[in-house]
Amino acid sequence: MKRFNPKDIESKWQKIWDETGTYTANLHSNKPKYIAMSMFNYPSGNLHIGHAMNYTISDVKARFKRQQGFESYHPVGWDSFGLPAENRAIKESMSPQESMAQLIPGYRHAYKAMGWSNDWEKEIATHLPEYYKWTQWIFAQMFKHGLAYQDSRMQWWCEKDATVLANEQVIDGKCWRHDGPDDPLVEKKEIKQWFFKITEYADELLEATDALDWTESVKLAQKNWIGRSSGAEVTYRVKGADDSITVFTVAHDTMYGTTFIVLAPEHELVQKITTDAQKTDVEAYVQAAQMKSEVERQAEKTKTGVFTGAYAINPLSKKEIPIWIADYVLAGYGTGAVMGVPGEDGRDYEFAQKFGLDIIYTTEDQSFVEYHETIKKNPAGYKLANSEEFNGLDFKVGRQKILEKLESLSVGSEKVNYKMRDWSVSRQRYWGAPIPIIDCPKCGNVLVPDDQLPVILPELDDFQPSGDGRSALARATDWLHVDCPQCGGPAERETDTLDTYICSSWYMLRYMDPHNQEVIFDSAVVNKWAPIDFYNGGDHATAHLLYARFVARFFTKIGILDNPEPFKQMLFNGKVTASDGTMFSKSKGNGVDPLEIINSGYGADALRTYLMFAAPLELWARWDAQGVPATHRFLSRLWNLVQEYLEAPEGKTSPKQQKELLRITHQTIKKMTHDIENSAYNTAIAAGMTMVNDLYKQKAEALAKTDAWKQALEAIVACVGPFAPHTAEELWHELGHSATVHKDTWPDFDEKYLVQDTMTIAVQINGKLRAEIEVATDATEAAVTAAVYANEKVQTNIAGKEVIKTIYVPGKIVNLVVK
RNA sequence: GGGCGAGUGGUGGAACGGUAUACACGAGGGACUUAAAAUCCCUUGCUUUAAAAGGCUUGUGGGUUCGAAUCCCACCUCGCCCACCA
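Bear in mind that the values here come from a model prediction, so they are computed numbers and not experimental data.

## Comments concerning the packing of helix α2 (residues 49-67) against helix α19 (residues 594-613)
Point 1. Between α2 and α19, the shortest axis-to-axis distance is 10 Å and the interhelical angle comes to 55°. The orientation of α2 with respect to α19, classified from their angle, is oblique. For the pair α2 and α19, the crossing hand works out as right-handed. Between α2, through I49, A52, M53, T56, I57, D59, V60 and R63, and α19, the contact on the second element is made entirely by P594, L607, R608, L611 and M612.
Point 2. Here the residues of the contact of α2 with α19 sort into 9 nonpolar, 1 polar and 3 charged.

Shown next as structure tokens:
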């Protein structure tokens, strides 16, 4: 009997699949399409267990659909621009180009060793000019449509990377790439940079979120990130001056409770309105605030602030209220100024307490309850108080009336605010797509004409940032100096490169037309293949997934794409940790190397099956050293069963066994089809294991080379195909097929085989299980009840008692209620 | 501080309001073997008992229901995301 030896069969089939193009998708096929993929790979080292997890999830889905008869496409590519590659290149004194040329082949080899069904004909890499030409084209389109602009702003700055960061790239006050305990906090620097106006789409993105078939937590994270709040802008006049201060509030119904105004230290009016007496204090405070990082500010437990000496007038109550500055007010949100309502807002309350400011309550119960709490506890509404003519009104009515009054006085209007900011897309680093802009002293920022794209990234010897806040490109003088496309005069190229999140915001669409050099993609093909049917990953709940949605939406506006949502279904899967629950890390050296496991003799199939079996996909799994041996054992049992069948004598299968084999088979097909469809891979594999166990029991009865056995074995081999593709392929061929198991082989199930002659009914007495009875499947309720009363245990339990109620759940349970 | 999840055997985990603990690991026993590995078979929630037969069990406490791991309320614990967003 042939032994199960993954080493031989895996490399054999990988070679055959490669040579025969088994996984090459025909984008013009007449079959229904299916495209499954996992988040883009960032080549930075070796394939690790997290990759193995992520890419196997989408590979199983793609394989399942391919077997079901879909034209299934499982694309592959490299998110090859970006800082890790550049930093590695600096460290190992090689160019990032060379670094990629070294890393990518290693990944290709590893992907094939994992048995992933990628289409290698359509491979892409974002650092190649044929790709980034179109990344630059997107920038140009954004620019032409008024969605790309340059601005000088305070921006997050990572000292280690010497580049700015997008808000989304700041994690707990640190750079997303340097968030270790010894890494520095990010700082703010004023830098001229490019932005994409994602805020223009905030509302659309928010509204479309609910309908997505995505993991709920991700949808929620996106909604929170966009952070819509609707309220009003109200203008307070500064006493004795022409200036006025506009604040944003969601609680304009509490306006009569405003007893002070607070400006952010950076607010433009601070200098102007501060009185001479307060000047020293205010300047000191502003300076101190500038020195502090955002995180230090937030870490402070108590409120700080300084009085400016100026007063504002409440436009409704006409009361004079002091104007303060305090760093609990953020310059970047709303208008950078708030109205202090200490009767209804916790932060204002704390501030008022500390500095002895007045507190006015505007609700009838006249005590401090947080505004949102008040509404939550009393959704029906509370009544306004201390609000002059609005007293006694329900807050919803009062709110509306107050708004109307503000509007009539021209001091307020409805306003919607978003937490989300525009997307900062400039990076002061070398290894990215150059921004296709030429800075002309006469014409200003001039777009590089489309026919001159791509702006090729010049090869350099030294990739270190130039140190003046510009990238290494500032030193590439030949490249830098160009003629202005508009006036022909001397000009300079933009030295910033594009955030690599732009590269990954549209790659899924390029997969459908990867080599097109005329246009970004053929819309006809893309409209056939988009959206991505299945997408998964364990990171980027906000940044990447929001950017991709934004860019796709933009494509629909400029008419090159039909569907504004790029990902139809998105599974946010868990990660794999070490057995002690801590993260795998290079520094700890506790990593598990997928290739090592494969090569140790267990094979890719056992590894894949273990990863998919360990836990539900959305949960985090702990690495268990016993796991791969266990799934290897399962595959080996299946293997041996098929070998025994092949060596079995010709003969007959009894009608009884035939019926049982059919039942086992169809029950398994049903369960596995349903579970893989629903991404419940762990229970699908469990069902496969159950079938193999059941077949071993049948084998003990009788095993002969019959159609009944063959059909059962073919079904389980096909169903295991998505998880253990090599083993399935080998066994499929051994069972007599010459075509691949991986196309059009998924078996159908028929409910009629699931029906048994008898069924087991559980009998409860007062809800407690007391007996089980066996009745004919077609037994009537009367027959079942009769069988229940005939049961000895039931009789003992109801002796001397009165049965007051009988509940019969057909096919399942009988519950007798006795007294 | 806000939001969202999750608490089930020794472990990872199963269970449309209907027989809790599928499947797997680990453990114990047996077969095969000179022996070991591999393989195959059996047992395995806790507990009383020699056995037969009971009792108890899904974080804690209540509730709804003929029936609750599942639904509702309160509490405890853990995890994740966001966080002075006005």
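## Describing the sheet that holds strand β31 (residues 803-809)
Point 1. The 4 strands lie next to each other as β30-β29-β32-β31, forming an open sheet whose pairing is mixed. With one partner strand each, in any of the chains shown, β30 (768-776) and β31 form the two edges of the open sheet. Averaged over neighbouring strand pairs, the angle between their axes works out to 20° when direction is ignored.
Point 2. Examined bridge by bridge, β31 and strand β32 (residues 813-818) share 6 bridges and lie antiparallel to one another. Across the sheet, K805 pairs through a bridge with V817, a residue of β32.
Point 3. Of the strands in this sheet, β29 (758-765), β30, β31 and β32 are in contact with helix α25 (residues 781-790), which crosses β30 at around 125°.

## So, the nonpolar core
Point 1. With 181 residues, the main nonpolar core has W423, F555, L611, M612 and W623 as its most contacted residues.
Point 2. In this structure, A312, I321, W324 and L384 belong to the second largest nonpolar core, which totals 45 residues.

## Here we look at the sheet that holds strand β22 (residues 481-483)
Point 1. Pairing within the open sheet is antiparallel, and its 4 strands lie in the order β21-β20-β23-β22. Each having just a single partner strand, β21 (444-447) and β22 make up the two edges of the open sheet. Geometrically, the sheet is characterised by an average inter-axis angle of 40° between neighbouring strands, direction not taken into account.
Point 2. Relative to strand β23 (residues 490-493), β22 is paired through 3 bridges, and the arrangement is antiparallel. Following the sheet pairing, D483 is matched in β23 by P490.
Point 3. Its contacts with the sheet place helix α5 (residues 129-144) against β20 (437-440) and β21, and it is angled at close to 125° to β21.

## Considerations on the side chain of K219
Point 1. Counting through the fold element by element, K219 comes out in helix α7 (residues 216-226).
Point 2. Judged by relative accessible area, which is 5%, K219 ranks as buried.
Point 3. Contacts of K219, omitting those with residues within four sequence positions, involve T209, D210, L212 and W214.

## A closer look at the packing of aromatic side chains
Point 1. Under the counting rule described, the total for this entry stands at 46 aromatic pairs.
Point 2. When the centroid spacing of 5.3 Å and the interplanar angle of 80° are considered together, the rings of F139 and W194 count as edge-to-face. Separated by 55 residues along the polypeptide, F139 in helix α5 and W194 in strand β9 (residues 187-196) bring together distant segments of the chain.
Point 3. What makes W194 buried here is its relative accessible area of 1%.
Point 4. A centroid spacing of 5.7 Å and a plane angle of 80° characterise the contact between Y681 and F723, whose relative ring orientation is edge-to-face. Linking Y681 in helix α22 (residues 681-701) with F723 in the loop between α23 (707-720) and α24 (725-734), this pair joins segments that are 42 residues apart in sequence.
Point 5. Overall, the relative accessible area of 0% leaves Y681 in the buried class.
Point 6. Assessed through its relative accessible area of 3%, F723 is described here as buried.
Point 7. Over the face of the ring belonging to W17 we find R63, whose NZ or CZ atom lies 5.3 Å from the ring centre.
Point 8. The aromatic ring of W479 is capped on one face by R493, whose charged end is 5.5 Å from the ring centroid.

## Details of the pairing of strand β14 (residues 306-313)
Point 1. Burial within β14 is extensive, with 7 of its 8 residues counted as buried.
Point 2. One ladder, built from 2 bridges, connects strand β11 (residues 228-238) with β14; its direction is antiparallel. Bridge pairing links V238 to A312 in β14.
Point 3. Inspection of the sheet shows β14 paired to strand β15 (residues 320-325) by 5 bridges, in the antiparallel sense. In the sheet register, Y311 faces β15, and the bridge partner there is P322.

## Section: unusual backbone geometry
Point 1. With an omega dihedral of 0°, the bond running from L453 to P454 counts as a cis peptide bond.
Point 2. Tracing the sequence through the fold places P454 in the loop between β21 and α14 (477-480).
Point 3. In this structure, P531 follows A530 across a cis peptide bond, with omega equal to -5°.
Point 4. Of note, P531 is situated in the loop between α17 (523-529) and β25 (534-537).
Point 5. With a phi angle near 35°, S93 is a residue other than glycine that sits in the positive phi range.
Point 6. Positionally, S93 belongs in the loop between α3 (83-91) and α4 (96-113).
Point 7. Classification of S93 as exposed rests on a relative accessible area of 68%.
Point 8. Here the phi dihedral of N766 falls at roughly 50°; this positive angle occurs in a residue that is not glycine.
Point 9. For N766, the location among the structural elements is in the loop between β29 and β30.

## A look at α24
Point 1. Among the 10 residues that make up α24, 9 are buried, leaving the element largely enclosed by the rest of the structure.
Point 2. All of the buried residues in α24 are P725, H726, T727, A728, E729, E730, L731, W732 and E734.
Point 3. Its buried side turned inward, α24 meets α1 (6-20), α2, α19, α20 (627-647) and α23.
Point 4. The positive-phi residue at the C-terminal boundary of α24 is G736, with phi of around 110°.

Criteria and cut-off values
- Residues numbered from 1 in each chain as written.
- Chains lettered and ligands numbered in written order.
- Predicted model: local features only at pLDDT ≥ 70, side-chain atom pairs only at ≥ 80, totals over all residues.
- Heavy atoms only, no water.
- Axes fitted to C-alpha atoms, helices over the stretch in contact; angles between N-to-C directions.
- Helix = DSSP H or I, 4+ residues; strand = E, 2+ residues; numbered from the N terminus.
- Parallel < 35°, antiparallel > 145°, perpendicular 65-115°, else oblique.
- Left-handed = near helix turned anticlockwise from the far one by under 90°.
- Contact = heavy atoms within 4.5 Å.
- Nonpolar A, V, L, I, M, F, W, Y, C, P; charged D, E, K, R; others polar.
- Pairing = 2+ DSSP bridges.
- Core = buried A, V, L, I, M, F, W, Y, C linked by side-chain atoms within 4.5 Å.
- Buried < 20%, exposed > 50% of the residue type's maximum accessible area, 1.4 Å probe, protein only.
- Phe/Tyr/Trp six-rings, centres within 6.5 Å; stacked < 30°, edge-to-face > 60°.
- Lys NZ or Arg CZ within 6 Å of the ring centre and 35° of its normal.

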